[in-house]
Amino acid sequence: MKKSWKTKLIHTDGKVPEGFRSLSTPTYRGSTVLFPNAKSVNDHWDQEQVGYTYGLYGTPTVLELAARVCELEGGAHTIITAGGQGAISLIHLALLNAGDHVLIPENIYGPNRKLAHSVMRRFGVEVSLYPPMIGAGIADLIKDNTRLVWCENPGSLTMEVQDVPAVVQAAHDRGALVALDNTWSAGVFFDAFAHGVDVEMQAITKYIGGHSDLLLGAVTVKDRALFEKLGNTFQVLGCSPSPDDCALALRGMKTLAVRLRQIEASTLRVAHALQSRPEIERILHPAFESCPGHDLWKRDFTGSSGLFSIVFKPGPSKQQVQAFVDALELFEIGYSWGGVASLAVDYDLSHAKGRPIYDHRIVRLYIGLEEPEELIADLEQAFSAMRT
Ligand SMILES: *Cc1c(COP(=O)(O)O)cnc(C)c1O
């Protein structure tokens, strides 16, 4: 057919050579997926089974990230979502029905707790919080309608390390599933599936992304039945990621091992220096004896990462703790850790019912890739600023 220049803008006859190979995954963008003929058109989300159908279910860039995260975490299947919180909401919405009961640790990532208490309650799900160090004692809280038990290891801010195998045992005895937020360990320092977890998620935003420039999550499951359950819900929720973000995550992933090794060492160095400061009461870092669940960390983890909290001795006011944070020059102030820059945020936990109350004396630090001795010097000068 003879084409005008306007039609050629859409249907080109231009040719490029085939067979390009490089070390990076191409960024495949696309909503429409082309079918070879009318008969083969279908809308199934499981493209691993049926081939590509629609961009919402993942382009090759998205599915490659899913396959690599799945391999890293030793699961059966992985779904990539837009943001870690998207991974959390997918798990809630796929696995819970009206009338079901879900158990959530008191120290879990705040937006997870908020989702349970707002949307899930509104949809008729019963929500209870449990103390994170409960271990096998969780059996007493499991009811006939308990379908899901969440764990986070270690928990957000107060960093308690949970006895995940004991929780798994109690949940499985009563037919409930266990979901784990494994973001702190980047999916590598704690082997979720070897410890019996059914569904695991991590915010790719953090360590795999690694450069504070993308928002992605991953849900990984132990078997095909759970994959189908999550996939059916994923399709209708439409919480799909951008292939551009996935390409950045694939790049970040290649350096994950060296970044984590440096971050682990720098963090231990900084935390040790802080431990002996007269202002500090407690270091909440799983590799330190002062952290609740330290023995479980030794038993179950193969390493530690860059996020921990410091608890000040009683004395300084909220304003003084904020003056300490403001005086830091190398540490930036902001959420979402896992990148190359160190961060500090002060938290007020005085409202947190049932948790050890550290009041407004807790500061969460994230250690990035700066020279650790310079980070220590920065913290030391900030302690002086706090006193004046
Ligand atoms: C950041 C974070 C999330 C959510 O990730 P986003 O990509 O920011 O939505 C979930 N869980 C934990 C423990 C996190 O730190």
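Check the entry above for the structure.
Here the structure is a predicted model, which is why all the values come from computation and not from measurement.

(A) Representation of the overall build of the protein. Across its full length, the protein holds 12 helices and 11 strands. For 388 residues, the compact-globule estimate of 2.2 N^0.38 gives 21 Å, and the protein sits close to it at 23 Å. Seen along its three principal axes, the alpha-carbon backbone of the protein occupies a region of about 80 × 50 × 35 Å. Residues counted as buried form 52% of the 388 residues belonging to the protein. Long-range contacts, defined here as pairs at least 24 residues apart, represent 71% of the contacts in the protein between residues at least 6 apart. Of the roughly 17,800 Å² of accessible surface on the protein, a fraction of 54% belongs to carbon and sulfur atoms. Measuring between centres, the 36 positive side-chain charges of the protein sit 7 Å from its 44 negative side-chain charges.

(B) Structural detail: the sheet that holds strand S5 (residues 177-181). Taken in spatial order, the 7 strands make up an open sheet running S1-S7-S6-S5-S4-S2-S3, and their pairing is mixed. On the outer flanks of this sheet lie strand S1 (77-81) and strand S3 (126-130), each paired with one strand and no other. Going from strand to strand, the sheet's axes swing by 20 degrees on average, the running direction of each strand aside. Relative to S5, strand S4 (residues 146-152) runs parallel, the two being bridged by 5 bridges. In the sheet register, Val149 faces S5, and the bridge partner there is Val178. Seen against the sheet, helix H5 (residues 110-122) touches strand S2 (101-105), S3 and S4 and runs at an angle of roughly 155 degrees to S3. Each of S4 and S5 is contacted by helix H6 (residues 164-173), which is oriented at about 175 degrees to S4, the strand it contacts most.

(C) Representation of the sheet that holds strand S9 (residues 307-312) within the structure. If you trace the 4 strands from one edge of the open sheet to the other, you get S8-S9-S11-S10, paired in antiparallel fashion. If you trace the sheet from one side to the other, it starts and ends with strand S8 (280-284) and strand S10 (343-347), each paired once. Looking at each pair of strands side by side, their axes are set apart by 20 degrees on average, direction ignored. In this structure, S9 lies alongside strand S11 (residues 362-366), joined through 5 bridges in antiparallel fashion. Following the sheet pairing, Leu307 is matched in S11 by Tyr366. Strands S9, S10 and S11 of the sheet are contacted by helix H11 (residues 318-327), whose axis makes an angle of about 170 degrees with S10.

(D) How the structure looks around a nonpolar patch on the surface. A cluster of nonpolar side chains, contributed by Trp5, Leu9 and Ile10, occupies part of the molecular surface with about 430 Å² of accessible area. With respect to the secondary-structure elements, Leu9 resides in helix H1 (residues 5-10).

(E) Summary view of H11. Within the sequence span of H11, burial applies to Val321, Phe324, Val325 and Ala327. Here the buried face of H11 lies against S9, S10, S11 and helix H12 (372-387).

(F) Region of interest: the packing of aromatic side chains. Scanning all chains against the criterion turns up 10 aromatic pairs. On the numbers, 5.2 Å between centres and 75 degrees between planes, the contact of Trp45 with Phe227 is edge-to-face. Within this pair, whereas Trp45 is found in the loop between H1 and helix H2 (47-50), its partner Phe227 is found in helix H7 (residues 224-237), the two being separated by 182 residues in sequence. Take Trp45 and Phe227: they sit in the same class, and that class is buried. Between Tyr207 and Tyr366, the aromatic rings sit 6.3 Å apart at their centres with planes inclined by 50 degrees, giving tilted as the arrangement.

(G) A look at helix H3 (residues 60-73). The first and last C-alpha atoms of H3 sit 20 Å apart over 14 residues, in line with the 20 Å expected at 1.5 Å per residue. The set of residues buried in H3 consists of Thr61, Val62, Leu65, Ala66, Val69, Cys70 and Glu73. In this fold, the buried residues of H3 make contact with S1, strand S6 (199-203), strand S7 (217-221) and helix H8 (243-254). Positive phi shows up at Gly74, right after H3, with a value of about 65 degrees.

(H) Seen up close, the site of the ligand. The full set close to the ligand counts 13 residues, and Gly84, Gln85, Asp181, Thr205 and Lys206 are the nearest of them. One of the backbone N or O atoms of Gly84 is found 2.7 Å from an oxygen atom in the ligand. Relative to its unbound accessible surface of 380 Å², the ligand loses 89% to contact with the protein. When residues in the shell around the ligand are grouped by element, the largest group, 3 residues, is from helix H4 (residues 84-95). Within the shell around the ligand, the residues separate by chemical class into 5 nonpolar, 5 polar and 3 charged.

(I) The side chain of Ser342, seen in detail. Looking at the element boundaries, Ser342 is found in the loop between H11 and S10. Judged by relative accessible area, which is 0%, Ser342 ranks as buried. Within the local environment of Ser342, its side chain forms a polar contact with the backbone nitrogen of Gly368, the two atoms lying 2.8 Å apart. Those residues in contact with Ser342 that sit more than four places away from it in its chain are Leu330, Phe331, Glu332, Tyr366, Ile367, Gly368, Glu370 and Leu375.

Parameters and conventions
Residues numbered from 1 in each chain as written. Predicted model: local features only at pLDDT ≥ 70, side-chain atom pairs only at ≥ 80, totals over all residues. Heavy atoms only, no water. Helix = DSSP H or I, 4+ residues; strand = E, 2+ residues; numbered from the N terminus. Rg over C-alpha atoms; globule rule 2.2 N^0.38 Å. Buried < 20%, exposed > 50% of the residue type's maximum accessible area, 1.4 Å probe, protein only. Contact = heavy atoms within 4.5 Å. Areas by Shrake-Rupley, 256 points an atom, 1.4 Å probe, with all protein chains shown as cover. Lys, Arg positive; Asp, Glu negative; His and termini not counted. Charge placed at Lys NZ, Arg CZ, Asp CG, Glu CD. Pairing = 2+ DSSP bridges. Axes fitted to C-alpha atoms, helices over the stretch in contact; angles between N-to-C directions. Patch = residues over 30% accessible without salt bridge, like charges linked within 9 Å, V, L, I, M, F, W, Y side chains within 5 Å. Salt bridge = Lys/Arg side-chain N within 4 Å of Asp/Glu carboxyl O. Phe/Tyr/Trp six-rings, centres within 6.5 Å; stacked < 30°, edge-to-face > 60°. Expected span 1.5 Å × (residues − 1). Near = heavy atom within 4 Å. Polar contact = N/O pair within 3.5 Å; in protein donor to acceptor, adjacent residues only side chain to side chain. Nonpolar A, V, L, I, M, F, W, Y, C, P; charged D, E, K, R; others polar.

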